[in-house]
Amino acid sequence: LPVNQPAMKLSVSKDQKEKAFGKVALITGGAGSIGSKVVEELLIYDIFLTLVVIDNNEINAYQLSQAFPKEIVQRKLIIHLIDFGEADEMDNLLVNYQPAFIYHVGAYKHVNLLERENVYSAVKNNVIKSIRLLKTALVHTSVKTFVLVSSDKAVNPSSIMGYTKRLTELSMLSLCDKSSLDMITVRFGNVIGSSGSVFHKFLKQIQGRQKITLTDYQVMRYFMNISQAASLIIKASLIGKRNKVYVLNMGEPVKIYDFLNDMIDKYGDLDQKDSIIITGLQSGEKLIEELHYDHENIKPLDNEIFVSDSLVSELDVNKILQQFSEFTDIRDEKKIKSWLYQSIIPCEDE
């Protein structure tokens, strides 16, 4: 598979690990494809005393518990079936577990699904609930580091998913501006093997001898595997500085057409290359994604990670919450989209 970098190994020093030794970490979306890999690597490296996973997907949570039965018995891994946006429940967990780190991995991320019929839900889950979570965390002095897992689609966004991720980035920065909390943003491209990735779509079409669909011959994406994503999240949490963005060095973007042909070579028959159907870009999709804004002044931190300058946001988060609460018809997607765009534009123009 055309992934530009080999799987990262967690290259952090003993001193850097000391930041987390003997402490508790809480991971939202910790039973999902990326979140569970973060949990797995944290357990392998034995960085934290206890991991508290928050997830509202019962099947995923059950599968995670079955993958680590010993850690469940030892109480090194604790799983709660809770929505991270439920402030009262989250407050109760923060009181009881006193986590020093929060890894906010949970989000809706499937671009095409969120683009229509689910705009309200995308904003509510990705933005509003994230604001509630961080507001709750800021009350608890035990929480020292908050890691927001974002996306390349948040850079000059064109999709609902991208706009919600960008608004979340700006909201988190604004909320933490006058606090002592280390708010760290991690941004990366497409994760091969994650839930809903193009890899699974192509594999199903190839192996099932179905019509193979591609949006455009020229569409390009940055790729990484799940291990790379998890390692970036963990490393950034241990070495990261507040109000900065960390981006994995993923090399050059990959043309999806080449990626598809490589998959056909490995999993299918050569004649399938002649039956690829070009569907055209769908609403919200770009030909090529970007990993950072010019004003962030991204530069290499080491061979694995790029880091931005310290960032600020003057977004009025309380105004965002108030305006969103005034939407009474979740089907009025035109109105919600317009509000979403206008909420971001003033910040990008500053």
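Conventions we followed
Residues numbered from 1 in each chain as written. Predicted model: local features only at pLDDT ≥ 70, side-chain atom pairs only at ≥ 80, totals over all residues. Heavy atoms only, no water. Salt bridge = Lys/Arg side-chain N within 4 Å of Asp/Glu carboxyl O. Helix = DSSP H or I, 4+ residues; strand = E, 2+ residues; numbered from the N terminus. Buried < 20%, exposed > 50% of the residue type's maximum accessible area, 1.4 Å probe, protein only. Pairing = 2+ DSSP bridges. Right-handed = clockwise from strand over helix to strand, strands pointing away. Expected span 1.5 Å × (residues − 1). Bend = angle between axes of the 7 residues up to and from the residue. Contact = heavy atoms within 4.5 Å.

### Focus: the pattern of salt bridges
A complete count under the given rule lists 17 salt bridges for this structure. Across the pair K129 and D83 runs a salt bridge, and its minimum N-O distance is 2.7 Å. Taken together, the residues K129 in helix α7 (residues 119-138) and D83 in the loop between β3 (77-81) and α5 (87-97) connect sequence positions 46 residues apart. The shortest N-O distance in the salt bridge between D329 and R331 comes to 3.2 Å. Accessibility expressed as a relative area gives 32% for D329, which makes it partly exposed. Residue classification places R331 among the exposed residues on the basis of a relative accessible area of 70%. Three or more residues are tied together by salt bridges with common partners; here these are R166, E169, R187 and E296.

### Looking at the pairing of strand β1 (residues 24-28)
Across the 5 residues of β1, 5 count as buried, placing the element largely inside the fold. Side-chain alternation along β1 places V24, L26 and T28 on one buried face and A25 and I27 on a second face that is also buried. Sheet topology places β1 next to strand β2 (residues 50-55); 5 bridges connect them, and they run parallel. Bridging from a neighbouring strand, A25 pairs with L51 of β2. Between the parallel elements β1 and β2, the chain passes through helix α2 (residues 33-44) in a crossover that is right-handed.

### So, α7
When the terminal C-alpha atoms of α7 are compared, their 28 Å separation across 20 residues agrees well with the 28 Å that a helix rising 1.5 Å per residue should span. Considering bend angle alone, the principal kink of α7 is centred on N125 and spans about 30 degrees. Buried residues dominate α7, accounting for 15 of its 20 residues.

### Things to note about the environment of L321
Tracing the backbone through its elements, the reader meets L321 in helix α12 (residues 317-325). Sequence spacing of L321 and R132 is 189 residues, and the spatial spacing of their C-alpha atoms is 9.3 Å. Excluding its chain neighbours within four sequence positions, the residues that come into contact with L321 are I128, I131 and K135.

### Some details on the pairing of strand β5 (residues 145-149)
Most of β5 sits out of view: 5 of its 5 residues are buried. Residues T145, V147 and V149 of β5 are buried on one face, and the alternating residues F146 and L148, pointing to the opposite face, are buried as well. Direction of pairing for strand β4 (residues 101-104) relative to β5: parallel, over a ladder of 4 bridges. The partner of I102 across the bridge, within β5, is F146. For β5 and strand β6 (residues 182-187), the ladder comprises 5 bridges, and the chain directions are parallel. The residue bridging L148 from the neighbouring strand is T185, located in β6. In this region the chain leaves β5, passes through helix α8 (residues 160-176) and returns to the parallel neighbour β6; the handedness of that crossover is right-handed.

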